[in-house]
Amino acid sequence: MPELPEVETIVREIAPRLEGCRIAQVQLRKTDVLREVSKARLIKTLTGNTIEQVTRRAKHAVFRLSSGHRMIIQPRMTGSLLVYDGPLTRSELKYVVLICTLTDGRQFVYRDVRRLGTIWLLDEEGWIAYTGRIGPEPLEESFTPFVFADRLKGTRTAVKKAIMDQRRIAGVGNIYANEALFDARLDPSKPTNRVSLEEFARLHAAIVDVLRRALASSGTTLRDYRTGTGDRGRFQFELRVYGRGGEKCRNCGRKLVMTHRIDLRQTVFCGRCQK
Ligand SMILES: [Zn+2]
């Protein structure tokens, strides 16, 4: 968390408010989130730079700067990205990691309660290597069932783990992996090399469908996730299995099973519907 729909929601909301804007001043209040960049270099690079484009890659927000650099923020569990019209109040300043004051006085803020997120600063070469290590984007048209099956073949790992592996497919995390496997009627622990072509096609359709529906609901807020305007997502009301261990299967009424056996994370499934 947040996964693809949450980061895409944030990016869609903040992009029009940041693109074309110049950064006048930068404040970095915590440095333990930095990767591949020092505090001094991040501040020096951002100051006076213009944010040309804000996009998403996997579960990360990508800020392309006029200098050719990309700042990448992975909000992870407790991070949020917001744009404020003016200076922050004392309570708004709580947990703030990065403040970029724009030339028009507005402020772009990265806040992170537990600071599990990260900030990267990459040049063009570094970006190509970075994005090249991540699998295809599931909401792009080029992501066909064949591409999907090809990315997953040749592994005996549990299919749930395989679809959460960012090197194979971008953006799917624990919540949407659980939901997609239920929708596709597939046992999450099934070895990937034993998944049939027909099952791959079903799972492909289920992943694309659940991500689209979650995006339409501005994502899932279980605890800390907020959209780019500070609101809660609404997809938590539509979850069919995640967080529902012990409750009844929406399909057949049997008790849903919860286990941490597959990948140490919460897996919820129906022993009758998912084979
Ligand atoms: Zn069931």
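See the structure above.
Let us look at the structure shown here. Worth saying up front: this structure is predicted, and the values here are computed from it rather than measured. (Residues numbered from 1 in each chain as written. Predicted model: local features only at pLDDT ≥ 70, side-chain atom pairs only at ≥ 80, totals over all residues. Heavy atoms only, no water.)

### A closer look at the layout of surface pockets
Then, in step 1: Of the pockets and cavities examined, the largest pocket occupies roughly 370 Å³.
Then, in step 2: As for the largest pocket, its lining consists of 18 residues, of which Lys-59, His-60, Gln-74, Arg-76 and Gln-166 are closest to the centre.
Then, in step 3: Residue classes in the lining of the largest pocket are distributed as 7 nonpolar, 5 polar and 6 charged.
Then, in step 4: One number sums up the size of the second largest pocket: a volume of about 290 Å³.
Then, in step 5: The wall of the second largest pocket is formed by 14 residues, among which Met-1, Met-77, Leu-222, Arg-223 and Tyr-242 lie closest to the centre.
Then, in step 6: In terms of residue class, the lining of the second largest pocket is made up of 6 nonpolar, 3 polar and 5 charged. (1 Å grid on protein atoms, 1.4 Å probe; cavity = no way out; pocket = protein on both sides within 12 Å on 5 of 7 lines; lining within 4 Å. Points joined across faces, edges and corners; volume = space filled by probe spheres on them. Nonpolar A, V, L, I, M, F, W, Y, C, P; charged D, E, K, R; others polar.)

### Some points on the coordination of the zinc ion
Each donor-metal-donor angle would ideally measure 109.5 degrees in four-coordinate tetrahedral geometry, or 90 or 180 degrees in six-coordinate octahedral geometry.
Then, in step 1: Taken together, Cys-249 (SG), Cys-252 (SG), Cys-270 (SG) and Cys-273 (SG) make up the protein donors of the zinc ion, found 2.2 to 2.4 Å from the metal.
Then, in step 2: Counting the intervening residues between successive donors of the zinc ion yields the motif C-x2-C-x17-C-x2-C. As far as the burial class goes, Cys-270 and Cys-273 line up, both buried. (Donors = N, O, S within 2.8 Å, 3.2 Å for Na, K, Ca; no water. Buried < 20%, exposed > 50% of the residue type's maximum accessible area, 1.4 Å probe, protein only.)

### A closer look at helix 4 (residues 145-152)
Then, in step 1: All of the buried residues in helix 4 are Phe-148, Ala-149 and Leu-152. Projection of helix 4 onto a plane perpendicular to its axis shows the buried side chains occupying an angular sector of 95°, all on one side.
Then, in step 2: Of the residues flanking the end of helix 4, it is Gly-154, one or two places downstream, whose phi is positive at about 80°. (Helix = DSSP H or I, 4+ residues; strand = E, 2+ residues; numbered from the N terminus. Arc of directions from axis to C-beta.)

### Side note on the nonpolar core
Then, in step 1: Ranked by size, the top nonpolar core spans 33 residues in total, and within it Leu-42, Phe-63, Met-71, Leu-98, Phe-108 and Ile-119 carry the most contacts.
Then, in step 2: Among the elements that line this core, the one with the most residues is helix 1 (residues 4-18), at 6 residues.
Then, in step 3: Once you skip the residues sitting within four places of it in the chain, Ile-119 turns out to touch Leu-28, Val-33, Leu-34, Arg-35, Val-37, Leu-42, Met-71, Ile-72, Ile-73, Val-97, Leu-98 and Tyr-110.
Then, in step 4: Core analysis: the second largest hydrophobic core is formed by 30 residues, Met-164, Leu-186, Ala-206 and Val-208 among them. (Core = buried A, V, L, I, M, F, W, Y, C linked by side-chain atoms within 4.5 Å. Contact = heavy atoms within 4.5 Å.)

### Overview of the packing of aromatic side chains
The description of an aromatic ring pair rests on the distance of the ring centres and on the angle between the ring planes.
Then, in step 1: A full pass over the atoms with the stated rule returns 6 aromatic pairs.
Then, in step 2: Considering the side-chain rings of Trp-127 and Tyr-130, the 6.1 Å spacing of their centres and the 25° angle between planes classify their relative orientation as stacked. Here the residue Trp-127 and the residue Tyr-130 both occupy positions in helix 3 (residues 124-132), the gap between them amounting to 3 residues, near one helical turn. You'll find Trp-127 and Tyr-130 in the same group, each marked buried.
Then, in step 3: With 6.0 Å between their ring centres and 50° between their planes, Tyr-176 and Phe-235 make a pair best called tilted. Here Tyr-176, found in helix 6 (residues 174-183), pairs with Phe-235, found in the loop between helix 7 (197-216) and strand 10 (257-259); they are 59 residues apart in sequence, far enough to count as distant. Like Tyr-176, the residue Phe-235 is buried in the burial classification.
Then, in step 4: Within the aromatic cluster, the residues linked to one another by ring pairs are Trp-120, Trp-127 and Tyr-130. (Phe/Tyr/Trp six-rings, centres within 6.5 Å; stacked < 30°, edge-to-face > 60°.)

### Description of the sheet that holds strand 8 (residues 107-112)
Then, in step 1: The 9 strands lie next to each other as 2-9-5-4-3-1-7-8-6, forming an open sheet whose pairing is mixed. Bordering the open sheet on either side are strand 2 (34-35) and strand 6 (79-84), each of which pairs with just one other strand.
Then, in step 2: In this sheet, strand 8 lies alongside strand 6 in antiparallel orientation, the contact comprising 6 bridges. Residue Val-83 lies in a different strand from strand 8, and its bridge partner there is Phe-108.
Then, in step 3: Against the sheet, helix 1 engages strand 1 (21-28), strand 3 (50-57), strand 4 (60-65), strand 6, strand 7 (96-102) and strand 8, with an angle of about 165° to strand 3. (Pairing = 2+ DSSP bridges. Axes fitted to C-alpha atoms, helices over the stretch in contact; angles between N-to-C directions.)

### Section: the pattern of salt bridges
Then, in step 1: The final tally for this structure, using the stated rule, is 20 salt bridges.
Then, in step 2: The salt bridge partner of Asp-263 is Lys-160, with a shortest N-O separation of 2.9 Å. Taken together, the residues Asp-263 in the loop between strand 10 and strand 11 (267-269) and Lys-160 in helix 5 (residues 159-164) connect sequence positions 103 residues apart. Both residues of the pair, Asp-263 and Lys-160, belong to the buried class.
Then, in step 3: Taking the shortest distance from any N to any O, the salt bridge between Asp-224 and Arg-223 comes out at 3.9 Å.
Then, in step 4: The exposure class assigned to Arg-223 is exposed, which follows from its relative accessible area of 60%.
Then, in step 5: Bridged by salt links that share partners, the residues Glu-8, Arg-12, Arg-56, Arg-57 and Glu-137 form one connected network. (Salt bridge = Lys/Arg side-chain N within 4 Å of Asp/Glu carboxyl O.)

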